[in-house]
Amino acid sequence: MKKAIVIIISCLLPVLAWGQAQINTKKVKISDFTQKVTKVVLSGNDLIDGILQDEITVRWRVSPYEFCSVEDFEKLKNSDEYYFLITASGQFSKEEEPSLLFLTLVKGGNGADKGIDSMLEVVSIPIASAVFPNGREQIFFPAFLDIIQNHALEAMKKDLNAYGGLANNTAHISRAHDMTIVFSEDDLSESVTEMVKDQFFDESIIVTDEDTADGYLMDNAENTLVSYTVAPFEAEPGSYCYKMLIDAQSHKVYYYKRHRITKKTGPGFLRDDILRITAGRAR
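Residues numbered from 1 in each chain as written. Predicted model: local features only at pLDDT ≥ 70, side-chain atom pairs only at ≥ 80, totals over all residues. Heavy atoms only, no water.

(A) Just a negative patch on the surface, in detail. Residues Glu185, Asp186, Asp209 and Asp211 make up a contiguous surface patch of negative charge. Summarising the element assignment, Asp211 is placed in helix H8 (residues 210–218). Relative accessible area serves as the criterion here: at 62%, Asp211 is assigned to the exposed category. (Patch = residues over 30% accessible without salt bridge, like charges linked within 9 Å, V, L, I, M, F, W, Y side chains within 5 Å. Areas by Shrake-Rupley, 256 points an atom, 1.4 Å probe, with all protein chains shown as cover. Salt bridge = Lys/Arg side-chain N within 4 Å of Asp/Glu carboxyl O. Lys, Arg positive; Asp, Glu negative; His and termini not counted. Charge placed at Lys NZ, Arg CZ, Asp CG, Glu CD. Helix = DSSP H or I, 4+ residues; strand = E, 2+ residues; numbered from the N terminus. Buried < 20%, exposed > 50% of the residue type's maximum accessible area, 1.4 Å probe, protein only.)

(B) Focus on the packing of helix H3 (residues 46–59) against helix H5 (residues 136–157). Two elements in contact, H3 and H5, have axes whose closest approach is 10 Å; the angle formed by their N-to-C orientations is 50 degrees. Relative to H5, H3 is oriented oblique. Pair H3 / H5 crosses with right-handed handedness. Here Leu47, Ile51, Leu52, Glu55, Ile56 and Arg59 of H3 come into contact with H5, specifically with Gln138, Phe141, Pro142, Leu145, Asp146 and Gln149. Class assignment of the residues belonging to the contact of H3 with H5 gives a composition of seven nonpolar, two polar and three charged. (Axes fitted to C-alpha atoms, helices over the stretch in contact; angles between N-to-C directions. Parallel < 35°, antiparallel > 145°, perpendicular 65-115°, else oblique. Left-handed = near helix turned anticlockwise from the far one by under 90°. Contact = heavy atoms within 4.5 Å. Nonpolar A, V, L, I, M, F, W, Y, C, P; charged D, E, K, R; others polar.)

(C) Representation of the side chain of Thr224 within the structure. The topology assignment puts Thr224 in strand S8 (residues 224–230). Residue classification places Thr224 among the buried positions, given a relative accessible area of 4%. Within the local environment of Thr224, its side chain forms a polar contact with the backbone oxygen of Glu222, the two atoms lying 2.9 Å apart. Residue contacts for Thr224: discarding those within four places in its chain leaves Met179, Thr180, Val182, Tyr216, Ile246, Asp247 and Ala248. (Polar contact = N/O pair within 3.5 Å; in protein donor to acceptor, adjacent residues only side chain to side chain.)

(D) Region of interest: the pattern of salt bridges. All chains considered together, the criterion is met by 13 salt bridges. Note that Glu81 and Lys36 form a salt bridge whose closest N and O atoms lie 3.7 Å from each other. Placement of Glu81 in the loop between helix H4 (70–76) and strand S3 (82–90) and of Lys36 in the loop between helix H2 (26–29) and strand S1 (37–42) is noted, with a sequence separation of 45 residues between them. Of the charged contacts, one joins Arg61 and Asp146 as a salt bridge, the two residues approaching to 3.4 Å between their closest N and O atoms. Highlighted residues: Arg61 in the loop between H3 and strand S2 (65–69) and Asp146 in helix H5, separated in sequence by 85 residues. In this structure Arg61 comes out as partly exposed when scored by relative accessible area, which is 48%. Its relative accessible area of 8% is what places Asp146 among the buried residues. Put simply, Asp32, Lys36, Glu81 and Lys107 are held in one network by salt bridges that share partners.

(E) Region of interest: the layout of surface pockets. When its volume is computed, the second largest pocket comes out at roughly 380 Å³. Of the residues that constitute the lining of the second largest pocket, the class distribution is eleven nonpolar, four polar and five charged. (1 Å grid on protein atoms, 1.4 Å probe; cavity = no way out; pocket = protein on both sides within 12 Å on 5 of 7 lines; lining within 4 Å. Points joined across faces, edges and corners; volume = space filled by probe spheres on them.)

(F) A look at the confidence of the model for the protein. A residue-level look at the protein finds 89% of positions with pLDDT of 70 or above and a mean pLDDT of 89. Within the model, pLDDT remains below 50 along residues 1–21, and this stretch shows zero contacts once partners closer than five positions in the same chain are excluded. (pLDDT = per-residue confidence, 0-100.)

(G) Representation of unusual backbone geometry in the model. Here the phi dihedral of Asn220 falls at roughly 55 degrees; this positive angle occurs in a residue that is not glycine. With phi around 55 degrees, Asn223 is a residue other than glycine that occupies positive phi space. Tracing the backbone through its elements, the reader meets Asn223 in the loop between H8 and S8.

(H) Structural context of the sheet that holds S2. Strands sit in the order S2-S1-S3-S4-S5 across an open sheet of five strands; the sheet is mixed. A single partner strand is all that each edge strand has here, and the edge strands are S2 and strand S5 (120–129). For this sheet the average axis-to-axis angle between neighbouring strands, irrespective of direction, equals 25 degrees. Docked against the sheet, H3 engages S1, S2, S3 and strand S4 (100–107), running at close to 170 degrees with respect to S2. Seen against the sheet, H5 touches S3, S4 and S5 and runs at an angle of roughly 165 degrees to S5. (Pairing = 2+ DSSP bridges.)

Given below as structure tokens:
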């Protein structure tokens with residue numbers, strides 16, 4: 001009898017394993033991304049919409065796409081036949097109004113009537129202050145689109161990538177020990193003093209003005225990471241600052257982290273960020 005039970009269980013194992021493989025994880029839910037149409041939502045902001053139209057036409061390569069209006073988005077968002085690339089303002093719990101602008105890729109489906117936050121998010125990247133953006137986001141838009149596309153493809157392969165978001169890329173900084181890093185001086189917080197720079201920066205880490213730093217990205221500089229930070233125009237305690245290091249040539253993210261702004265901790269790369277970024281570099 002025991003032998004018969006063992007035989008039955010052995011026969012069932014392949015069936016059980018198949019059932020486990022069908023768990024509807026995020027990776028499974030977005031597995032149709034490259035086959036479905038991505039609707040690029042034009043917000044009505046002439047500047048952002050113009051950039052989106054120009055850059056999408058040149059750079060979008062991972063799925064069919066169509067441009068649509070906000071009104072079209074409202075009509076179609078409950079359909080899982082579409083993905084949507086949309087610019088949206090983000091508001092954190094301690095903020096009185098939205099402070100940051102995000103470029104977000106979401107999947108349509110049931111429940112979308114509750115808002116974008118209720119939709120299945122593939123990836124979201126902060127791109128600028130929601131109020132008085134400084135214009136730097138225009139230069140980085142090609143990088144943003146490449147980052148979104150690359151992450152979407154990686155999320156289709158592994159749930160770790162799907163659930164971890166862009167923060168997973170921070171581990172890549174350990175592989176950048178021989179790369180040049182260019183910081184815009186405006187991207188460094190007050191905690192990165194001259195003493196910190198003298199202690200942790202070497203000749204391969206450049207601190208320069210914003211225009212010069214952005215020039216490295218525009219020139220597709222080889223083996224070079226360029227800094228980018230996003231924070232509210234008026235950074236108040238309770239808001240967040242996002243910090244990135246982006247490969248000027250491939251647009252791969254090597255560092256992505258955020259911190260909460262407090263009375264003591266303002267926007268920009270913190271001393272702790274510098275310690276992480278330079279940990280594997282010879283000094």
